[in-house]
Amino acid sequence: MNLRSKINNQIFTFKSVTDVLAKANNEKSGDALVGLAAETATERVAAKLCLSKLQLKDIYENPVIPYEEDEVTRIIYDDVNTAIYKKICNWTVSELREYILSSKSTQNELLNISRGLTSEMIAAVAKLMSSMDLVYASKKIKVAGHCNTTIGLPGTLSFRNQPNHPTDNVEGVLASLKEGLSFGCGDAVLGLNPVEDNVENFERVMMAIVGVKEKYEIPTQCCILAHVTTQMQAAKNGVPVDLMFQSIAGTESANKAFGISAAMLQEAREIALKLGTSTGPNVMYFETGQGSEISLDCHHGVDEMTLEARTYGVGRRYSPFMVNNVSGFIGPETIYTGKEVLRADLEDLFMGKLHGLPMGIAPCYTNHMKADQDDQEMGTMLCAMAGANFFMGVSGGDDCMLNYQDTSFHDDASIREILSLRPAPEFEKWLEKMGIMENGKLTDRAGDPSIFDK
Amino acid sequence: MDNQIEKDIVESVLAKLLEQGILNPSAKATPATEAATGSTVDTDSEPVTLEPMDFIGIENPNNLEALKVMRKSTPARILMGRAGARQRTASLLNFQADHAAAVDAVFKDVSDEFLAEHNLFKVRTIVKDKDEYLMKPELGKKLSDETKREILDKGDKGKQVQIIVVDGLSSTSIEANIADVMPALIQGLETQGITVAKPFFIQYGRVGVMDEVAPLMACDVIVQFIGERPGLITADSMSAYMAYRPDHNTVEAERTVISNIHRGGTPPAEAGAHLATVVKKMIDNKVSGVKLAELMR
């Protein structure tokens, strides 16, 4: 294994595979914060050069966090298909990149080698890709999920209707929910982030949203994004649960800070399958984001992009219905500029897809970052081109509860129109029945939530 | 202390401030500032303004009355209508204006004129500029030895309460609320016989900076006003963090926080008078944060 490279007449020596992985990253504030980032532009490319020549087995044999010390490492290694790994373990990362980009490699080939790749290998190859490489490669893979309905089918683009309210006021939540539905948003999930995380509030807001779903016979799934323990208790109490939501991270210690473990996620999935209300088989909804481990000081000296890949390694064990990436939400100490968010969104979409996950993206930002709605819209357009399964839908792009900005109901409708994408099939039929959509286009009635009131 | 006594203190403080003319009974609007104008500007007409946020922009709605009820139910940006699938011009500009206010709150500094007007001397954490402040949160909790000497030199050591004003993530919130909240707090503390040190301003500060200040000034309680991360609904929201004798061993659960201080939330003068009663409880019980909340239950 060669950890030295020469470029622009300078020789660089890297300390370890972990060091090469970190320094090969495009610029992100979080890697600089914890002292892992390349110090010069030349060092960054030198690390990419070094990484390109590493063999996949070099990465396999040098886990960024030891197997014995970290549950996430154990999940990743235990889930690798060794027959497939053995076929490709002598490939360099450069060869893996060119295999992925090759015109001969389609979804079938890529999902097959995916089973032999560790998350760190997937991070490694993404570090050798430019923005358009990432879009080009992402576009090849589209994994659908089925809960009550199917999202992620070719030619479709779905949305989570996110009707958040600063006090969980049901009337206010339903106003936003109806507005979103009237724009064709909600085929991925009707999903609220509750202000108050307890079983009573969970039941109150869930029943309000389920009430709308049942009254108008909407083919979709409902989710209240409380902590997974709250959702499990609610399911045990007989409250309808279609999808189990949880934020996950790429180290055992960060997951512990989130109050979860592999065993708990397994239990949550079993409860959703046993006591939940949906058809399945995909009953989990995960959220992830580059930098969460750094924010929690649980990064173990590993860069934020590699840790994000490890997060997908966790996610794939539980056959989720949807994995949503919110890298722009974590904060300026991990991702500072619009350019950093856009890069992270494309990396994350690709890395998730190469893990075989049904990926969506929330190209989002907070007000203390150097980013604005134009960056947000560019992120949405690029990730839609790259074949994201879904985006969020937030009224006017402004989440008045979480205080950040994300894809709006207007953007949802626009991006479908720009790229000629359709809603999930069952949901499109429902939109036609409600007179909101005709032949894939919004009608004059669309955008008026009072169509749900006589 | 029961709620009635607290209510009485708050009311008497507010009454006194009104009497002294420190508080203006009608909500003060920030005077509009005149930006540079060109040569052929029509200054006789009223300036153009943004569309009101409660405007319903949906054409030919199915049920206008239902929309009016919805409009009152949430601050979310709904009922704006559309141009094709895009936003109407007016609602697009409203969004941009609100984001601009949030960005300015984060990236602009509290002005020196404002600090002079409120007799706040200014010091800085070890952070060198706004970018570093945002990307390296830990640095915003630390003061250099030189800065500590400056604080000792200009401030009052050994009083019961030290008030500090910290920009945090919204300089706008500091400029919008301090004028009302500080006199109410000081008046409330002095009414209860509590001594108050000279307040000062810390630039590029985080909540944890109080852990450096309290041991330095040998005070019992720190009251720290700090700008909250702005949302698009308001950029004016400020928090007050308080702790009993905080130091480097203090954990977050030992701080008491009153957040959402702004004209549309907890009004600043009312918040200041209320804070005085909270500080009194901290001094009497020698505790803050979760433990104080448990005692008060």
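Quantities reported herein were computed from a predicted structural model and do not represent experimental measurements.

Enquirer: Go over the domain arrangement of chain B with me, naming the residues and quoting the values.
Expert: Residues and elements named next belong to chain B. According to the domain assignment, chain B contains domain 1 (8-18 + 109-296) and domain 2 (64-106). Facing 11 residues of domain 1, the contacting portion of domain 2 comprises 8 residues. Here the side of domain 1 that touches domain 2 takes 3 residues from helix 7 (residues 171-191), the largest share from any one element. For the side of domain 1 that touches domain 2, the per-class residue count stands at 5 nonpolar, 6 polar and no charged.

Enquirer: I'd love a proper account of the nonpolar core, names of residues and values included.
Expert: Residues and elements named next belong to chain A. Membership of the largest hydrophobic core comes to 152 residues, with the highest contact counts inside it found for L243, M244 and Y285. With 8 residues, helix 18 (residues 338-354) is the single largest residue contributor to this core. The residues touching L243, leaving out its near neighbours within four places in the chain, are C147, V189, Q221, C223, S278, V283, M284, Y285 and F321.

Enquirer: Which residues make up the sheet that holds strand 5 (residues 158-161) of chain A, and what values go with them?
Expert: Residues and elements named next belong to chain A. Taken together, the 4 strands give an open sheet; going across it, the order is 7-6-5-12, and neighbouring strands pair in parallel fashion. A strand with exactly one partner marks an edge of an open sheet, and here the two such strands are strand 7 (222-224) and strand 12 (390-393). Ignoring which end each strand starts from, the neighbouring axes of this sheet average 25 degrees apart. Of the strand pairs in this sheet, strand 5 and strand 6 (residues 189-192) are connected by 2 bridges, and their pairing is parallel. Bridge pairing in strand 6 places R160 opposite V189. Where helix 11 (residues 170-182) meets the sheet, it contacts strand 5, strand 6 and strand 12, and its direction lies at approximately 165 degrees from that of strand 5.

Enquirer: An account of unusual backbone geometry is needed here, citing residue identities and associated values.
Expert: For the bond from G280(A) to P281(A), the omega torsion is 10 degrees, close enough to zero to count as cis. By the element assignment, P281(A) lies in the loop between helix 15 (262-275) and strand 9 (284-288). A positive phi angle, close to 50 degrees, is found at S420(A), a residue other than glycine. For N60(B), which is not a glycine, the phi torsion comes out positive at approximately 45 degrees. Locating N60(B) in the fold gives a position in the loop between helix 1 (3-19) and helix 2 (64-73). Exposure remark for N60(B): the 8 C-beta atoms within 10 Å place this residue in the exposed category.

Enquirer: How would you summarise the interface of chain B and chain A if you had to cite specific residues and measurements?
Expert: Counting from both sides, the interface comprises 36 residues of chain B and, opposite them, 35 residues of chain A. For the side of chain B that touches chain A, the elements supplying multiple residues, two or more each, are helix 2, helix 3 (89-107) and helix 5 (130-135) of chain B. Taken together, the residues of the side of chain B that touches chain A sort by class into 22 nonpolar, 9 polar and 5 charged.

Enquirer: Before we move on, can you summarise the sheet that holds strand 8 (residues 244-247) of chain A with the specific residues and values?
Expert: All names here are of chain A. The 4 strands are arranged 8-9-10-11 in an open sheet whose pairing can be described as parallel. Two strands close off the open sheet at either side, each with one partner strand: strand 8 and strand 11 (359-361). Each neighbouring strand pair of the sheet contributes to a mean axis angle of 20 degrees, computed without reference to strand direction. By the bridge criterion, 3 bridges tie strand 10 (residues 322-325) to strand 11 in an arrangement that is parallel. Paired with V323 across the bridge in strand 11 is M359.

The rules we used
- Residues numbered from 1 in each chain as written.
- Chains lettered and ligands numbered in written order.
- Predicted model: local features only at pLDDT ≥ 70, side-chain atom pairs only at ≥ 80, totals over all residues.
- Domains from an automatic or database assignment.
- Contact = placed C-beta atoms within 7 Å.
- Helix = DSSP H or I, 4+ residues; strand = E, 2+ residues; numbered from the N terminus.
- Nonpolar A, V, L, I, M, F, W, Y, C, P; charged D, E, K, R; others polar.
- Core = buried A, V, L, I, M, F, W, Y, C linked by C-beta atoms within 7 Å.
- Buried ≥ 20, exposed ≤ 12 C-beta atoms within 10 Å, placed from the backbone.
- Pairing = 2+ DSSP bridges.
- Axes fitted to C-alpha atoms, helices over the stretch in contact; angles between N-to-C directions.

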